[in-house]
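Structural overview for review
These are the residues of each chain, in order.
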Amino acid sequence: MSYVPWSKDEASRLLSQTSVQPGPVLISLQAIQTFFGYVPDAAIGLIALACNVTRAEVHGVLTFYSDLRTAPPPTHHVRVCVAEACQSVGSRALEEGLRDAGLGYEQAFCFGNCALGPAVNINSKLMGRASVDSVMKEMNE
Amino acid sequence: MKTYTVYVPSDSASRSVGAEAVAERIEFEALKRKVHVILVRNGTRGALWLEPLVEVETELGRTAYGPVCVYDVPSLFDAHFYEGATHRLSLGLTDNIEWLRSQDRVTFARVGITDPLSLRDYEEHGGFTGLRKALKMEPMEIIYELSSSGLRGRGGAGFPAGIKWRTVLQSGSEKKYVCCNADEGDSGTFADRILMEGDPFTLLEGMTIAGITVGADEGVIYIRSEYPDAIKTMERAILIAREKGWLGQNVLGSSHAFNIRIRSGAGSYVCGEETAMLESIEGKRGVVRSKPPLPAIEGLFGKPTIINNVLTLSSVPAIIADGSDSYQKRGVGRSLGTQVFQLAGNVSRGGIVELGFGVTLDSLVNEYGGGTRTGRPVKAVQVGGPLGAYFPPSSFNISMDYESLLEAGGMLGHGGIVVFDDSVDMLEQAKFAMEFCAEESCGKCTPCRLGSTRGAELLGLMAGGINIEGNKKILLDICEVMTDGSLCAMGGLTPLPVKSAMLHFESEFSSKKGELR
Ligand SMILES: Cc1cc2nc3c(=O)[nH]c(=O)nc-3n(C[C@H](O)[C@H](O)[C@H](O)COP(=O)(O)O)c2cc1C
Ligand code: SF4
Ligand code: FES
């Protein structure tokens, strides 16, 4: 995934679109993250200003949602589903295998692929019946 | 030259097991062999265990092959599968596949059959019949139909849809909203996603009927961010509907205005709770609101709001089109119509099973599901998502309807069924339920916020064999406080998986276990 380096002008342009919508704070944060890959500290003041709320309010929303990040994502963004349906088909063993293989990943709760678990998401590509091998193979593609 | 129509699903589950590569290879081989193939990307039929499921149009009907791997494609062409010829992967006519044939597809009638974004397909398969009819009806007539159909909320609480709609209709406000809850956070559920990816216009039609009934001109679909494909498909469907003048100032040429927009979630389970969802749509932290006021009276931006699950709203067009009688003659007791069950986890034949309420859990797990995928004995199933109860095979004769499940100490939730084989550690599952609650709690009330953390700690101690009986007592106390003292079902129902595991798998929570470790 490629993101654009932080630019105040680009951010302001994005915010001019989101801030006029009803309930603008979350969608503004989401727009910034989609564009730049994360929400830089510098964006918080801009969002507060554009949405006419306090910095504290923006910060409160930013910290509530687990999708929102304040640092750039890793180049390979690996998310492993660790919810019940994937547990039942070995997500715990998969996690162990990935740790042994030295692969960094995030835990996620359900991708809606629960009949074809374990589910792993690599850079937004969803994999079903995932194994250490299939994940490593995908990483090397 | 003869043309052949070939179907390869494009939904995200099918693609997660290689449907995209299969589709590409079919196009490649067709070109190479000069076979004129029209490739349609349908939704999944819901038989996820057969995905990627390839179908071809023949004189007798659609013929199926599956599960197809990209390496099978050349041999399928060698065998002339495009003419419906037999092959190692032949499944015969799709309509004759027993797993599908025996289902009663009402809400999912079109899913997997049509091209999701083709309005022509949609109309040819009965789309718009409900909306056209509704435009000629009085609001109270529509609500009467809905109430007589027996339709209850499919998101979890099972509240009668007709009563909710009537409350919004009768609330005196110029501005009203229709909100569709597509947060589908429960592990083991995927019906909302498959419907949105496979038949998006049905949901738009259901929401539009809701809008014209109660006098709302704006709809919002709140879709979780884990579903990027559903978001994309719904966005495109909305654009198409607008272009064709179905959504907009004059719905199908009538005097009703209705628009729909999409809001994406941001990775929070509790935002599936309806008032937390409203907060999230308003751009705030997803903290649960105290009720009253009900959202039907003061909902989104303080205005009267219908909040319904994807499946609830998507059942409406068929109910209005075919009449409430046809719907309510399905099901049992006060659970009328069909339920879209989802078979998930360690199950041999997982996917969507839509049937009238009242089918047994055994039939779903063993007949449709075919037991576990690993081939080991079934030890437990969790019904109704992370807040639902665990059941052992000895209670598989439960009738799957709202009341029977309550009586059995569980709940139907969104209709997900997660199967576990005999390798599952029930204490570990109980601990996970508490951890999940601790992780996803909105933090507003103490029993949920602290009880879940403390509960997970206690189960951790018990797993280590420490003071098992003593800790069990404290744990049960905490469960009681959570059940009675939580503001919403997050904290209120987390004790359900914990206590059901303790009840049905008692030996795993006894001191013997500690000694064994
Ligand atoms: C923690 C929690 C999570 C929920 N998640 C969802 C969800 O993902 N989708 C949903 O439709 N309802 C969910 N609900 C239920 C909603 O609060 C609400 O009852 C439902 O959206 C109403 O629609 P219905 O009447 O059509 O079911 C959840 C409830 C709780 C307490
Ligand atoms: S029960 Fe939990 S999730 Fe629900 S309002 Fe209380 S703290 Fe929030
Ligand atoms: S539980 Fe893993 S995808 Fe649903």
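**Here's the deal with the overall build of chain A**
- Helices and strands together make up the secondary structure of chain A, namely seven helices and four strands.
- Taken along the three principal axes of its C-alpha coordinates, chain A extends 50 × 30 × 20 Å.
- Of all 141 residues assigned to chain A, the portion counted as buried reaches 54%.
- Expressed as a percentage of contacts within chain A between residues at least 6 apart in sequence, the contacts between residues at least 24 apart total 59%.

**Comments concerning the overall build of chain B**
- Of the regular secondary structure elements, chain B holds 22 helices and 16 strands.
- For 517 residues, the compact-globule formula gives about 24 Å, and the C-alpha radius of gyration of chain B, at 24 Å, lands near that figure.
- Along the longest, intermediate and shortest principal axes, the C-alpha atoms of chain B span 80 × 60 × 40 Å.
- Residue burial in chain B is summarised as follows: out of 517 residues, 61% are buried.
- Taking the average location of the 53 positive side-chain charges in chain B and that of its 64 negative ones, the two points are 2 Å from each other.

**Here's the deal with helix 13 (residues 310-322) of chain B**
All names here are of chain B.
- With 11 of 13 residues buried, helix 13 lies mostly within the body of the structure.
- Residues of helix 13 that are buried: Val-310, Leu-311, Thr-312, Leu-313, Ser-314, Ser-315, Val-316, Pro-317, Ala-318, Ile-319 and Ile-320.
- Its side-chain oxygen 2.8 Å from the backbone nitrogen of Leu-311, Asn-309 forms the N-cap of helix 13.
- Two residues or fewer past helix 13, Gly-323 is found with a positive phi of approximately 90°.

**Focus: the site of ligand 2**
- Around ligand 2 lies a shell of 13 residues, among which Cys-442, Lys-444, Cys-445, Cys-448 and Cys-488 of chain B are the nearest.
- Considered class by class, the residues forming the shell around ligand 2 number eight nonpolar, four polar and one charged.

**Let's talk about the sheet that holds strand 3 (residues 54-58) of chain B**
All names here are of chain B.
- Pairing is mixed in the open sheet, where five strands are placed in the order 2-1-3-4-5. Sheet topology places strand 2 (36-40) and strand 5 (90-93) at the edges, where each strand pairs with a single neighbour. For this sheet the average axis-to-axis angle between neighbouring strands, irrespective of direction, equals 25°.
- Bridge count between strand 1 (residues 3-7) and strand 3: two bridges; the pairing is antiparallel. For Tyr-7, the partnering residue across the bridge sits in strand 3 and is Glu-55.
- Across the sheet, helix 2 (residues 19-32) touches strand 1, strand 2 and strand 3, and the angle it forms with strand 2 is around 165°.

**With respect to the site of ligand 1**
Residue and element names in this part refer to chain B.
- Taken together, the neighbourhood of ligand 1 is formed by 20 residues, with Gly-155, Asn-181, Asn-308, Asn-309 and Thr-312 sitting nearest.
- With respect to ligand 1, the backbone of Gly-185 contributes an N or O atom lying 3.4 Å from an oxygen atom.
- Contact distances for ligand 1 include 2.8 Å between an oxygen atom and a side-chain N or O atom of Asn-309.
- Protein contact buries 92% of the 610 Å² of open area that ligand 1 shows by itself.
- Considering every element that reaches the shell around ligand 1, the biggest residue donor is strand 9 (residues 305-309), with three residues.
- Across the shell around ligand 1, the residue classes break down as five nonpolar, nine polar and six charged.

**Comments concerning the packing of helix 2 (residues 24-36) of chain A against helix 3 (residues 41-51) of chain A**
Residue and element names in this part refer to chain A.
- Packing of helix 2 against helix 3 leaves a shortest axis separation of 10 Å and a crossing angle of 140°. Helix 2 and helix 3 meet at a crossing whose hand is right-handed. Counting all contacts with helix 2, which are made through Pro-24, Val-25, Ser-28, Leu-29 and Ile-32, the residues of helix 3 involved are Ala-43, Ile-47 and Cys-51.
- Partitioning the contact of helix 2 with helix 3 into residue classes produces seven nonpolar, one polar and no charged.

**Thoughts on the nonpolar core**
Residue and element names in this part refer to chain B.
- In terms of nonpolar packing, the biggest core is built from 180 residues, with Trp-165, Leu-204 and Ile-221 touching the most fellow members.
- With residues up to four places along the chain from it excluded, the contact list for Leu-204 reads Ile-221, Met-234, Ala-237, Ile-238, Ala-241, Trp-246, Leu-247 and Ile-260.
- Counting 20 residues, the second largest nonpolar core, distinct from the first, contains Val-37, Val-73, Phe-77 and Tyr-82.

**Quick look at the pattern of salt bridges**
All names here are of chain B.
- Taken as a whole and judged by the stated rule, the model has 36 salt bridges over all chains.
- Note that Arg-289 and Glu-282 form a salt bridge whose closest N and O atoms lie 2.9 Å from each other. Here Arg-289 and Glu-282 have matching classes, each one buried.
- Three or more residues joined by partner-sharing salt bridges are found here, namely Arg-25, Glu-29, Lys-32, Arg-33 and Asp-78.

**Focus on the sheet that holds strand 9 of chain B**
Residues and elements named next belong to chain B.
- One open sheet accounts for four strands, arranged 8-7-6-9; its pairing is parallel. In the strand order of this sheet, the two ends are held by strand 8 (259-264) and strand 9, each with one partner. Across this sheet, the average inter-strand angle for adjacent strands is 20°, counted without regard to direction.
- Note that strand 6 (residues 177-182) and strand 7 (residues 218-223) share six bridges and pair parallel. Bridging from a neighbouring strand, Tyr-177 pairs with Glu-218 of strand 7.

**Side note on the packing of aromatic side chains**
Residues and elements named next belong to chain B.
- Evaluated as defined, the whole model comprises 22 aromatic pairs over all chains.
- Relative to Phe-301, the ring of Tyr-177 has its centre 6.2 Å away and its plane inclined at 50°; by these criteria the two rings are tilted. Remark: Phe-301 occurs in the loop between helix 12 (274-281) and strand 9 and Tyr-177 occurs in strand 6; sequence separation between them is 124 residues.
- Residue Tyr-177 is classed as buried on the basis of its relative accessible area of 7%.
- Assessed through its relative accessible area of 31%, Phe-301 is described here as partly exposed.
- Through a chain of ring-to-ring contacts, the aromatic side chains of Tyr-4, Tyr-65, Phe-77, Phe-81 and Tyr-82 assemble into a single cluster.
- Sitting over the ring of Tyr-7, Arg-62 keeps its end group 3.5 Å from the ring centre.

**Some thoughts on the environment of Gly-350 of chain B**
- Along the chain, the position of Gly-350 of chain B falls in the loop between strand 12 (338-345) and strand 13 (351-356).
- Residue classification places Gly-350 of chain B among the buried positions, given a relative accessible area of 3%.
- Between the C-alpha atom of Gly-350 of chain B and that of Gly-369 of chain B, which follows or precedes it by 19 residues, the distance is 5.9 Å.
- For Gly-350 of chain B, the residues in contact, after removing those within four places along its chain, are Ala-115 of chain A together with Gly-46, Ala-47, Leu-48, Trp-49, Trp-99 and Leu-343 of chain B.

**Considerations on the interface of chain A and chain B**
- Every contact between the two is made by 35 residues of chain A and, on the other side, 55 residues of chain B.
- Of the roughly 3400 Å² buried between chain A and chain B on both sides combined, carbon and sulfur atoms contribute 54%.
- Three residues stand out in chain A for area buried against chain B, namely Phe-64, Glu-84 and Phe-109 of chain A, and they jointly supply 20% of the buried area on that side.
- There are zero salt bridges connecting chain A and chain B.
- In this assembly, chain A and chain B are joined by 26 residue pairs in polar contact (both at pLDDT 80 or more).
- Taken together, the elements giving at least two residues each to the side of chain A that touches chain B come down to helix 2, helix 4 (55-64), helix 5 (84-87) and strand 4 (125-127) of chain A.
- For the side of chain A that touches chain B, the class distribution of residues is 19 nonpolar, 12 polar and four charged.

Conventions used here
- Residues numbered from 1 in each chain as written.
- Chains lettered and ligands numbered in written order.
- Predicted model: local features only at pLDDT ≥ 70, side-chain atom pairs only at ≥ 80, totals over all residues.
- Heavy atoms only, no water.
- Helix = DSSP H or I, 4+ residues; strand = E, 2+ residues; numbered from the N terminus.
- Buried < 20%, exposed > 50% of the residue type's maximum accessible area, 1.4 Å probe, protein only.
- Contact = heavy atoms within 4.5 Å.
- Rg over C-alpha atoms; globule rule 2.2 N^0.38 Å.
- Lys, Arg positive; Asp, Glu negative; His and termini not counted.
- Charge placed at Lys NZ, Arg CZ, Asp CG, Glu CD.
- Polar contact = N/O pair within 3.5 Å; in protein donor to acceptor, adjacent residues only side chain to side chain.
- Near = heavy atom within 4 Å.
- Nonpolar A, V, L, I, M, F, W, Y, C, P; charged D, E, K, R; others polar.
- Pairing = 2+ DSSP bridges.
- Axes fitted to C-alpha atoms, helices over the stretch in contact; angles between N-to-C directions.
- Areas by Shrake-Rupley, 256 points an atom, 1.4 Å probe, with all protein chains shown as cover.
- Left-handed = near helix turned anticlockwise from the far one by under 90°.
- Core = buried A, V, L, I, M, F, W, Y, C linked by side-chain atoms within 4.5 Å.
- Salt bridge = Lys/Arg side-chain N within 4 Å of Asp/Glu carboxyl O.
- Phe/Tyr/Trp six-rings, centres within 6.5 Å; stacked < 30°, edge-to-face > 60°.
- Lys NZ or Arg CZ within 6 Å of the ring centre and 35° of its normal.
- Buried area = accessible area lost by both parts, 1.4 Å probe.

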